[in-house]
Amino acid sequence: MPKSPKDLRSARWFAPDDLRSFGQRSRMMQLGYAEEEFRDKPIIGVLNTWSEINSCHGHFPERAKEVKRGVLQAGGFPVEMPVLSVDEQFTKPTSMLYRNMLAMETEEVIRSHPFDGVVLMGGCDKTTPALIMGAISAGVPFIYMPAGPMLRGNYAGKYLGSGSDAWKYWDERRAGNISDSEWKGIQGGIARSHGVCMTMGTASTMTAIADSLGLTLPGASSIPAVDANHSRMASGCGRRVVEMVWEDLTPEKIVTDASVRNAAIVAMATGCSTNAVVHLVAMARRAGVELTLDDLDALGRDTPLLANIRPSGKDYLMEDFFYAGGLLAMMKQIEERLDTSCMTVAGTTVAENIAEAKVWNDDVIRPLSNPVYHEGSLAVLRGNLAPSGAVIKPAACDPKYWVHEGPALVYDSYPEMKKAIDDESLDVTPDHVLVLRNAGPQGGPGMPEWGMLPIPKALIKQGYRDMLRISDARMSGTSYGACVLHVAPESFVGGPLALLKTGDIVRMDLPNRTLDMLVDEAELEARRAAWTPPEPRFQRGWGWMFTKHVGQADTGCDFDYLQRDHGPAAGEPDIF
């Protein structure tokens, strides 16, 4: 083992024969611990994002006990530490407003405490990137413990997919096709256990990315939250992180250019959420890896979609994916496209981790010869509407919209748009392009998941369920449809979307990756000269800090001063 007890980071707190260390040992004894329980042992922080209102993490009190059991079994000393529980359903205006807050908290909690290594307990959408971003910057050995997907939803003998079926049945309710009792039945059946969304939404996307980066125990991301395998995985995280401390297996040895590329390829093959773009770019840059939208688009063109999981797939959910062999089996299918020499937190390479993986159902995890979709999950568009890029999920929208031209219907706020689309007299056709602006990182604020704009009620009643929609917002990974998202620069800061007017013709050409408004440059210059910046969303507090420092969607929406190129991370804290 490269390290000895005197080399432990925690030894700075507990080993010296001085007054300060006397006080720290004394306070540990005040907590009821004898010196032999914590002296000369790796101190493991168990960073827990549980809260009573975060349904995705409802099982975390028990999992924390299991992680700590594993730490003790391996000869470490566990310390559970609560951190911000960024839940997706209840945090408003959007959980994305607080991703960077959790990342900052994670980094500072690790740095300021005597932790030799940490287990990060997360899963709900923003918790995965936030915890990992902070832990990468902190630099100590860590393992990510994913919450796992919930069980399949069920109502009236049909499987329900969280999010995806909510949108689908809501449209049917708006059309008058679903009764109150049916709606309540769906409401009670769509989420019926602890765990994250069981579609390939943002949560399952990001835990799969963490897994393919090498930051979880191999295959951990696929295990359902309430499966007994999940409990065993939790204790395994505790045992393994102690070994990582002695081995000095730190994040810079795992998160590399090659492992980030692996993660992007795997994400494309899973049918990932569009939110993967914002989060993976931010995570990579914390590790000094310059990942761009063009990199992701190139990988998307070459990587077929293999996971037949809703919403990009047609028939299955994450529980089925696990039974079919899980992420390791899917990675085995694309082994030749991956750098299998990459190291993982298990102390083994990707090649070793997938060596014996098998696919047990090749309709759930497709072979390369029979993909769900011939390209990957995401495509990046550019043009005079999105000079810095925009994102679309081609496999989740009707192919007839891949090349589309139509007049814009432009709305400056969500309430304005909602009022219009619920008006059955709205003058709208399926060829119109629905546009929402002022919904980006600063305009939202926080870039809310508003991008799956509802279909106007007038079209719903005519039987239409899709149309081209454009916004500078994000959308839930469980969403679907012809939705162009993350338009950058956003309209709130004067991006070209701010210049678009109702009636302007918009053209999208997905095969050629273009997105343009067919307005001549002289007219655009006149509109630009007349544009007035809106009032800032915040005048104080966290929101003010957020808007002063947040980046645009194409750069990952991290704060400028948290990125690696802003300066080196702070060193170890002074202890006097």
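Residues numbered from 1 in each chain as written. Predicted model: local features only at pLDDT ≥ 70, side-chain atom pairs only at ≥ 80, totals over all residues. Heavy atoms only, no water.

**Q** Help me understand the packing of helix 9 (residues 202–213) against helix 12 (residues 275–286), please; the structure alone is not making it clear to me.
**A** When two helices pack together, their arrangement is given by the angle between the helix axes and the distance between those axes. Orientation of helix 9 relative to helix 12, taken along the N-to-C sense of each, is 35 degrees, at an axis distance of 10 Å. The chirality of how helix 9 crosses helix 12 is right-handed. Mapping the contact onto sequence places Thr202, Thr205, Met206, Ile209 and Leu213 in helix 9 and Asn275, Ala276, His279, Leu280 and Met283 in helix 12. Residues belonging to the contact of helix 9 with helix 12 are distributed by class as follows: six nonpolar, four polar and no charged. (Axes fitted to C-alpha atoms, helices over the stretch in contact; angles between N-to-C directions. Helix = DSSP H or I, 4+ residues; strand = E, 2+ residues; numbered from the N terminus. Left-handed = near helix turned anticlockwise from the far one by under 90°. Contact = heavy atoms within 4.5 Å. Nonpolar A, V, L, I, M, F, W, Y, C, P; charged D, E, K, R; others polar.)

**Q** What's the story with the nonpolar core in this structure? I'm lost.
**A** Soluble, globular proteins show a tendency: their nonpolar side chains are buried together. Within the largest apolar cluster, 113 residues are counted, with the highest numbers of intra-cluster contacts made by Leu47, Leu120, Ile132, Met145, Ile209, Phe321 and Met330. Apart from residues no more than four positions distant in its own chain, Leu120 is found in contact with Leu47, Thr106, Leu131, Ile132, Ala135, Phe142, Ile143, Tyr144 and Met145. (Core = buried A, V, L, I, M, F, W, Y, C linked by side-chain atoms within 4.5 Å. Buried < 20%, exposed > 50% of the residue type's maximum accessible area, 1.4 Å probe, protein only.)

**Q** Any chance you could explain the pattern of salt bridges here in plain terms?
**A** Charged atoms that come close allow side chains of opposite charge to pair. The full count for this structure, using the stated rule, is 43 salt bridges. Between Arg152 and Glu319 there is a salt bridge, and its shortest N-O distance comes to 3.7 Å. Taken together, the residues span a long stretch of sequence, with Arg152 in the loop between strand 4 (142–146) and strand 5 (153–155) and Glu319 in helix 14 (residues 318–323) at a distance of 167 residues. One exposure class covers both Arg152 and Glu319, and it is buried. In this structure, the salt-bridge partner of Arg527 is Glu523, at a minimum N-O distance of 2.9 Å. Residue Arg527 and its partner Glu523 are both found in helix 19 (residues 521–530); the two are separated by four residues, about one turn of the helix. Assessed through its relative accessible area of 32%, Glu523 is described here as partly exposed. When salt bridges with common partners are traced through the structure, they connect Glu88, Asp125, Lys126, Glu449 and Arg474 into a single cluster. (Salt bridge = Lys/Arg side-chain N within 4 Å of Asp/Glu carboxyl O.)

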